[in-house]
Amino acid sequence: MLCDESCCANRCYPLRSMPLFCDVALPVPLDMLFTYRVAAETHLPASQQTLTQQDGILSGDSEATGPVVGGRVLVPFRQRRMTGIVVELHDRKPSVRTKNVLSPLDASPVLDDQLLRLGRWIANYYLAPLGEVFRTMLPLSAEFKRSITYRITDGGLAALHTAGLSGSSARSRRTPEEQLAEFRVLDYLAGLESTPNSRDPFSPEPVKEETLRAVTRVSKSVLAGMVRKKWLAREDVSGARDATRTIRVARLKSAEGKLNANQRQIVETVAAAGGRISVEVLQSLAVSHSTLATLVRRGLMEIIEEPAEFAISRSKARPQLPHFELNPAQQSALARLRAGVEAGKFAGMLLHGVTGSGKTAVYLAGMRAVLDAGRSAILLVPEIGLTPAVAADLHQIFGDEVAILHSALSDKERAEQWHRIKRGEARMVVGTRSAVFAPVADLALMIVDEEQDSSYKQEETPRYHARDIAVMRAKMANAVVVLGSATPSLESYYNAKKNKYTLIELPDRVEQRPLPEVEIIDMRQEFQETGHEQVISRKLAAEIKERLDKKEQVMVLLNRRGYSPVVLCRTCGKTLECQNCAIALNHHKREQKMVCHYCGYTAPVPQACLHCGSEYVYFLGAGSEKLEELLHGIFPQARIGRLDRDTVRGHQDFERTLNALNEGELDILVGTQMIAKGHDIHGVTLVGVVGADTALGLPDFRAAERTFQLLTQVAGRAGRGNAPGKVMVQAYFQDHYAVQYAARHDFTGFYEKELRFRSWMHYPPYSSLANVLVRSDQLKEALQWSGILGNWFEKTRHEGVRVLGPAAAPIIRLKRDYRYHFVLKSPSREKLNNTLRALLAYSTEQKIPRTQVIVDVDALWLM
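Because the structure is predicted, anything quoted here is derived from the model rather than measured.

## Some remarks on the overall build of the protein chain
- When helices and strands are counted, the protein chain shows 26 helices and 35 strands.
- The buried share of the protein chain, reckoned over its 863 residues, is 53%.
- Put simply, of all contacts in the protein chain between residues at least 6 apart along the chain, 76% involve residues at least 24 apart.
- Counting every atom, the protein chain has about 40,600 Å² of accessible surface; 49% of that belongs to carbon and sulfur.

## Some remarks on a nonpolar patch on the surface
- Residues Y598, L698 and W861 make up a contiguous nonpolar surface patch of about 270 Å² in total accessible area.
- Along the polypeptide, Y598 turns up in the loop between β25 (593–595) and β26 (602–603).
- The class for Y598 is partly exposed, based on a relative accessible area of 33%.

## Details of the sheet that holds strand β9 (residues 232–236)
- Taken in spatial order, the three strands of this open sheet run β8-β7-β9, and their pairing is antiparallel. At either margin of the open sheet sits one strand with a lone partner, and together these are β8 (207–208) and β9.
- As paired elements, strand β7 (residues 148–152) and β8 share two bridges and run antiparallel to each other. Bridging across to β8, T149 finds its partner in K208.

## Focus on the sheet that holds strand β21 (residues 517–522)
- Reading across from one edge, β21-β31-β30-β22-β29-β28 is the order of the six strands in this open sheet, with parallel pairing throughout. Edge positions in the open sheet fall to β21 and β28 (640–643), since each of these has one partner strand only. Each strand of the sheet is rotated relative to its neighbour by a mean of 20 degrees, with strand direction disregarded.
- Together, β21, β22 (553–557), β29 (668–671), β30 (684–689) and β31 (726–731) form the strand contacts of helix α19 (residues 538–549), whose direction differs from that of β31 by roughly 160 degrees.
- Where helix α20 (residues 624–634) meets the sheet, it contacts β22, β28 and β29, and its direction lies at approximately 175 degrees from that of β28.

## Overview of the packing of helix α25 (residues 779–795) against helix α26 (residues 829–845)
- Here α25 crosses α26 at 130 degrees, and the two axes come no closer than 11 Å. Viewed along their axes, α25 and α26 adopt a mutual orientation that is oblique. Considering the relative orientation of α25 and α26, their crossing is right-handed. Mapping the contact onto sequence places I788, L789, W792 and F793 in α25 and T835, A838, L839, Y842 and S843 in α26.
- Grouping the constituent residues of the contact of α25 with α26 by class yields seven nonpolar, two polar and no charged.

## Observations regarding empty space enclosed by the protein
- Tallied over the entire structure, the rule returns four cavities of 30 Å³ or more.
- Approximately 80 Å³ is the volume attributed to the largest cavity.
- Residue lining of the largest cavity: V567, L568, C569, K574, T575, L576, P606, A608, C609, L610, H611 and V617, and that is the complete set.
- Here the element with the most residues in the lining of the largest cavity is strand β23 (residues 566–569); it accounts for three residues.
- When its residues are assigned to classes, the lining of the largest cavity shows nine nonpolar, two polar and one charged.

## Details of the packing of aromatic side chains
- Tallied over the full model, the rule gives 18 aromatic pairs.
- When the centroid spacing of 6.4 Å and the interplanar angle of 85 degrees are considered together, the rings of W121 and Y126 count as edge-to-face.
- Exposure remark for W121: the relative accessible area of 22% places this residue in the partly exposed category.
- Where Y494 meets Y766, the ring centres are 5.4 Å apart and the plane angle is 65 degrees; that geometry is what we call edge-to-face. Here the residue Y494 occupies a position in helix α17 (residues 490–497), and Y766 occupies one in the loop between α24 (747–761) and β32 (768–776), the gap between them amounting to 272 residues.
- Its relative accessible area of 17% is what places Y494 among the buried residues.
- One aromatic cluster is present, built from ring pairs that chain together Y493, F708, Y737, F747, F750, Y751, F757 and W760.
- Sitting over the face of the ring of Y618, R570 holds its NZ or CZ atom 4.1 Å from the ring centroid.
- The ring of Y763 has K825 sitting right over it, with the charged end atom 4.1 Å from the ring centre.

## Remarks on the pattern of salt bridges
- Per the counting criterion, the structure on display carries 39 salt bridges.
- Close ionic contact of E491 with R702 constitutes a salt bridge, the shortest N to O distance being 2.9 Å. In this pair, E491 is assigned in helix α17 and R702 in the loop between β30 and α22 (703–715), connecting sequence segments 211 residues apart. Considered together, E491 and R702 belong to a single accessibility category, that of buried residues.
- Taken together, the shared-partner salt bridges in this structure form one network comprising E519, K539, E543, R547, E552 and K726.

## Quick notes on the pairing of strand β14 (residues 347–353)
- In terms of residue burial, β14 counts as a mostly covered element, since six of its seven residues are buried.
- Where β14 and strand β19 (residues 480–485) come together, six bridges link them in parallel fashion. Directly across from G348, in β19, lies its bridge partner V481.
- Bridging between β14 and strand β20 (residues 502–506) involves five bridges; their strand directions are parallel. Each bridged residue has a counterpart across the sheet, and for M349 the counterpart in β20 is T502.

## So, the side chain of R758
- Relative to the elements of secondary structure, R758 occurs in helix α24.
- Residue classification places R758 among the buried residues on the basis of a relative accessible area of 2%.
- With sequence-adjacent residues up to four places away left out, R758 is seen in contact with L490, F701, R702, E705, Y763, P764, P765 and Y766.

## Looking at helix α16 (residues 466–477)
- Helix length check: α16 (twelve residues) gives 16 Å between terminal C-alpha atoms against 16 Å at 1.5 Å per residue, within 8%.
- Taking burial as the measure, the twelve residues of α16 include ten buried ones, the bulk of the element.
- Turning to α16, its buried residues number three or more, namely A466, R467, I469, A470, V471, M472, R473, A474, M476 and A477.
- Residues of α16 that are buried make contact with α3 (113–125), β15 (376–380), β18 (443–449), β19 and α17.
- Looking one or two residues past α16, N478 carries a phi angle of roughly 55 degrees, positive in sign.

## Regarding helix α9 (residues 261–272)
- Over its twelve residues, α9 extends 16 Å from the first C-alpha to the last, a length consistent with the 16 Å expected when each residue adds 1.5 Å.
- Among all positions in α9, only Q263, I266, V267 and V270 are buried. Seen along its axis, α9 keeps its buried residues to an arc of 95 degrees; they face one direction. Exposed side of α9, more than 90 degrees from the buried face: A261 and A272 are the residues found there.
- Where α9 starts, the residue carrying a side-chain oxygen 3.2 Å from the main-chain nitrogen of N262 turns out to be N260.
- Positive backbone phi, approximately 95 degrees, marks G274, located one or two places after α9.

Criteria and cut-off values
Residues numbered from 1 in each chain as written. Predicted model: local features only at pLDDT ≥ 70, side-chain atom pairs only at ≥ 80, totals over all residues. Heavy atoms only, no water. Helix = DSSP H or I, 4+ residues; strand = E, 2+ residues; numbered from the N terminus. Buried < 20%, exposed > 50% of the residue type's maximum accessible area, 1.4 Å probe, protein only. Contact = heavy atoms within 4.5 Å. Areas by Shrake-Rupley, 256 points an atom, 1.4 Å probe, with all protein chains shown as cover. Patch = residues over 30% accessible without salt bridge, like charges linked within 9 Å, V, L, I, M, F, W, Y side chains within 5 Å. Salt bridge = Lys/Arg side-chain N within 4 Å of Asp/Glu carboxyl O. Pairing = 2+ DSSP bridges. Axes fitted to C-alpha atoms, helices over the stretch in contact; angles between N-to-C directions. Parallel < 35°, antiparallel > 145°, perpendicular 65-115°, else oblique. Left-handed = near helix turned anticlockwise from the far one by under 90°. Nonpolar A, V, L, I, M, F, W, Y, C, P; charged D, E, K, R; others polar. 1 Å grid on protein atoms, 1.4 Å probe; cavity = no way out; pocket = protein on both sides within 12 Å on 5 of 7 lines; lining within 4 Å. Points joined across faces, edges and corners; volume = space filled by probe spheres on them. Phe/Tyr/Trp six-rings, centres within 6.5 Å; stacked < 30°, edge-to-face > 60°. Lys NZ or Arg CZ within 6 Å of the ring centre and 35° of its normal. Expected span 1.5 Å × (residues − 1). Arc of directions from axis to C-beta. Polar contact = N/O pair within 3.5 Å; in protein donor to acceptor, adjacent residues only side chain to side chain.

What follows is the structure in structure tokens.
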């Protein structure tokens, strides 16, 4: 095979001139690359060649291929096999002994030059290991399976024979429980030797680790000990696999012969469906699963596997969406967007439009212009729940050119969509934060809707912010990035005012619709007049009744899920807390359990205080579940739905509820912040906000900004149709400026006031900020490590960087870890990041585990 220019451009090498070594980024918490030897026989497995050919990546004449820069390889790492990304091929011999690459997994790069550059930038900016960054960028875990198997050895058979003849040895240091566990393992594996399923009657059948542990009820440590004794042989059989999604289909071959009632029901169901139907549908019938098997044995039915179809969205698109008639402000915004795209240079734009001003129409018109030019665009939305609705709009306009990426998809679905984008079959991409890494070619436009939303920030390594990644990716691609919101983050609006972004305003709603009237209900006065705490005030209840009488729809927001957030003993005053976190358990009445909303720990509902035994247990406060119950009690005839994480287990649940609201099948929708963003429901004329000012009490400098944004966003759901809207805000701190400015729809007033407070305290946007969290499941270690780092900060000069701490985190214990933190602020991002790198280097010197020191650059959550 000869090398030509096109080959070198793709960073492919002829087999005979393949470099001897490759540097690989592995998804481990270590800030380093790993060098492996490229053996002469290293080539792409035949099974993976087939997969890659189907995706159009491997050319037909590439019978054998070595690693490529930007491609995945399977390598040994300690006692396991892992996939990593090749970042360099070279002939520099390391000073230490190297292991061989087991096999390349890709014939051409899965990460192109631009995405590799972006990954390096993310690792550098957010101080994250490069391998973990690349793992986040690639949703292809479905294409790799990791499986550990065990089989019994001759030594294990001898040990089993000895145990069976003489019982346990008196000299053994093993406990009776450990000996019994080992006996169960050996007995089970030995029993497989003579089974007819064995592939080789002279070789014991290997068993997967999960199967062996489930059957014998042993821990991993017991298995590891038996491997050390050479009673068991352990093998890692990880490798590539076919990630194609399939569906099992039942096909009717004949309806002749005698049938019982259940068999007749299945045959008639399949016949009515045209002679073929999915097995999943048949299993939902009220007949035994064995009935279908009987029909297959008799030759009346057959089961076949077919490629599964993927539904972009089950939400209904808005009518006549492709024929938007833009008003002058929208036309002006679109013209500036298109001019930026046509210029072929990087441009950042902030599209600030009030709720209902038609920002989505501008996005879609801009994307249509990009597609007409043969280029690609990515649209990011903050919530999974918004993705199907936006995808339905895009699918109506762009057809099969749309791909969707978000975490609610299965691993195989994400891989399937990723490959569609990679092959160029879908040039319009919509998704949540991970879609910012979509492998589109010729990127022209990046759009970040609701750019202020905190869900764009990932709260695990790498702790990136998708909005900032979108800006950087657009800059690398010479593309246009549009940040859109009715309530932009202070940082984005500040940058626009400083001319870092072009500011585009949409000051009015479409079709001259008025903004909703906002009325603030003083809950202190409500308490004085009624004599007890009210979840739903009298005014709000009266307004809801009036809307229901008019056959109009209502939304009620309470940004707290569950039934009651606190269980309090009236005798000793103690609350019921999570065993893993320093946080109160929430009462979930329907599920009859107490739940921690941070770690998922559950406990039974207490009948008496666990501390003093008193029966005077009080359930304090209200969540969305209780609000729904109260509304059912006040309005028994109303059709009420609820949207929160307890009712939404997947994107289909979200779509089902919103479709019901759109179709007029619900009168009232109760929910958390899920209902506040982006939904365009024309029948909603009243929005009620319960506990509007709760977040103001949190120890967070962004509390006022978050409260203002939430109130403004949820208020924007009212009056989007022909009837005017109204918003009722229940608050105890009604005089707070965040509540007052939200009631007046005055973003500029809030921005200017909040900016003054930020400048006084040197908070963003006037400085860069990072949160350094030190954690351990041992309180002594957490205190010791935070003290070591605190002393280092005191003794080391860090010019231009202000350090606050160490101090206990507001939630001092979370998921079994005790937590102490430092907050770093600096007007210079370079100085801040240099200090953070020096901190990480010092913590490594002090033997503090890298995973126990969390560095969160541009932190949004300081709790």
